[in-house]
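# A closer look at the structure
For reference, the chains in residue letters:
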Amino acid sequence: MDTEQPGLTIERGARLTFVDREKGRNVDGLFSGTVDKGDLVVAPLSDHQPQLSTGAILNGRFLSREDMVAFTSEILEVFDHPVSLWRIQAPTDVKTLDLRDNKRIQCSVSASIEAIDRGQVLAGIIQDISKSGARCRFPSTDAAESPFFVGETVILRCVFPGMPGEQTTRGEITDVHHSKVEWSMALRFAEPAWWVPPYH
């Protein structure tokens, strides 16, 4: 069943992303339901991602229609048998970010994308960007297949106009297109990119 709490509605099967505050690691899971007092039951998306341990403090987030919902929680229990599951404390400090307010900015900023798990790096430009995502273009390679694939977690790096130093953000490839001259890839950021205008 879906869960509804003040400021929080999660549909069964929704993909949730968690950041372990202490270790800074990202893990993903699928919402399975709730148990006592609104605690969440979440199934790890993959056995190959970092493991969470009981007591870990988490920053969680998920997409809900046009919104990004963020919250704070804690791992209460980790089950390995008969299937892998996490019991996560009922979320607190729930915040909603309206992604419709994140207008895309057309630009041409040098950037690179690095695949976290494989170390693959590709240099190109950011075509457009918002606080929640970007589309990037990269010169075509001789390889028949894309150097990155949809669903892959990557790091975007760039020096953004008006901001000191290099800016980095973690994201997920959501779309890949190939032409004779270039690869075009869309990214959805794991966290809102504070360094992208507008600034409030």
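To keep things clear, this report deals only with the structure shown in the data block. On a predicted model such as this, the values are computed, not experimentally measured, just so you know.

Here is what the cut-offs are and how they apply
Residues numbered from 1 in each chain as written. Predicted model: local features only at pLDDT ≥ 70, side-chain atom pairs only at ≥ 80, totals over all residues. Heavy atoms only, no water. Helix = DSSP H or I, 4+ residues; strand = E, 2+ residues; numbered from the N terminus. Buried < 20%, exposed > 50% of the residue type's maximum accessible area, 1.4 Å probe, protein only. Contact = heavy atoms within 4.5 Å. Salt bridge = Lys/Arg side-chain N within 4 Å of Asp/Glu carboxyl O. Polar contact = N/O pair within 3.5 Å; in protein donor to acceptor, adjacent residues only side chain to side chain. Pairing = 2+ DSSP bridges. Axes fitted to C-alpha atoms, helices over the stretch in contact; angles between N-to-C directions. 1 Å grid on protein atoms, 1.4 Å probe; cavity = no way out; pocket = protein on both sides within 12 Å on 5 of 7 lines; lining within 4 Å. Points joined across faces, edges and corners; volume = space filled by probe spheres on them. Nonpolar A, V, L, I, M, F, W, Y, C, P; charged D, E, K, R; others polar.

Attention now goes to unusual backbone geometry. With an omega of 0°, the peptide bond between His81 and Pro82 qualifies as cis. Mapped onto the secondary structure, Pro82 falls in the loop between strand E7 (67-79) and strand E8 (85-88). The phi angle at Lys37 is positive, at roughly 60°, despite the residue not being glycine. The backbone phi angle of Asp93 is positive, close to 50°, even though this residue is not glycine. Following the sequence through the fold, Asp93 ends up in strand E9 (residues 92-98). Note on Asp93: relative accessible area 49%, which makes it partly exposed.

Time to look at the environment of Thr54. Looking at the secondary structure, you find Thr54 in the loop between strand E5 (40-44) and strand E6 (57-64). Considering only alpha carbons, one finds Thr54 and Trp86, 32 residues apart in sequence, at a separation of 9.0 Å. The contact partners of Thr54, leaving out residues within four places of it in the chain, are Ile75, Leu76, Glu77 and Val78.

Tallied over the full model, the rule gives 12 salt bridges. A salt bridge links Arg118 to Glu152; the shortest N-O distance between them is 2.8 Å. Of this pair, Arg118 sits in the loop between strand E10 (105-115) and strand E11 (121-129) while Glu152 sits in the loop between strand E12 (133-139) and strand E13 (153-158), placing them 34 residues apart in sequence. Arg118 gets classed as partly exposed once you look at its relative accessible area, which sits at 43%. Judged by its relative accessible area of 6%, Glu152 falls in the buried class. Among the salt bridges present, the one from Glu166 reaches Arg157, with a minimum N-O distance of 3.8 Å. Classification of Arg157 by relative accessible area gives partly exposed; the value is 28%.

Inspection of the secondary structure assignment puts Asp128 in strand E11. Overall, the relative accessible area of 9% leaves Asp128 in the buried class. A polar side-chain atom of Asp128 sits 2.6 Å from a polar atom in the side chain of Arg104.

Glancing now at the sheet that holds strand E15 (residues 182-189). Taken in spatial order, the six strands line up as E10-E11-E12-E15-E14-E13 and close into a barrel, and their pairing is antiparallel. Mean inter-strand twist for the sheet, computed between neighbouring axes without regard to direction, equals 45°. Pairing between strand E14 (residues 167-178) and E15: seven bridges, direction antiparallel. Counterpart to Ile173 in the pairing with E15 is Leu187.

The next subject is the environment of Gln106. By the element assignment, Gln106 lies in strand E10. Sequence separation of Gln106 and Ile129 is 23 residues, and the distance between their C-alpha atoms is 6.8 Å. Setting aside its immediate chain neighbours within four residues, Gln106 contacts Gln127 and Asp128.

Right, let's get into the layout of surface pockets. Size it by volume and the largest pocket reaches roughly 710 Å³. Of all elements in the fold, only strand E3 (15-20), strand E4 (26-34), E6, E14 and E15 reach the threshold of two or more residues within the lining of the largest pocket. Taken together, the residues that form the lining of the largest pocket break down as nine nonpolar, eight polar and 10 charged. Roughly 320 Å³ of internal volume is contained in the second largest pocket. Along the walls of the second largest pocket sit 15 residues, with Ala70, Phe71, Lys95, Glu191 and Pro192 positioned nearest its centre. Every element with two or more residues in the lining of the second largest pocket is listed here: E6, E7 and E9. The biggest single contributor to the lining of the second largest pocket is E7, with five residues. In the lining of the second largest pocket, the residues fall into seven nonpolar, three polar and five charged.

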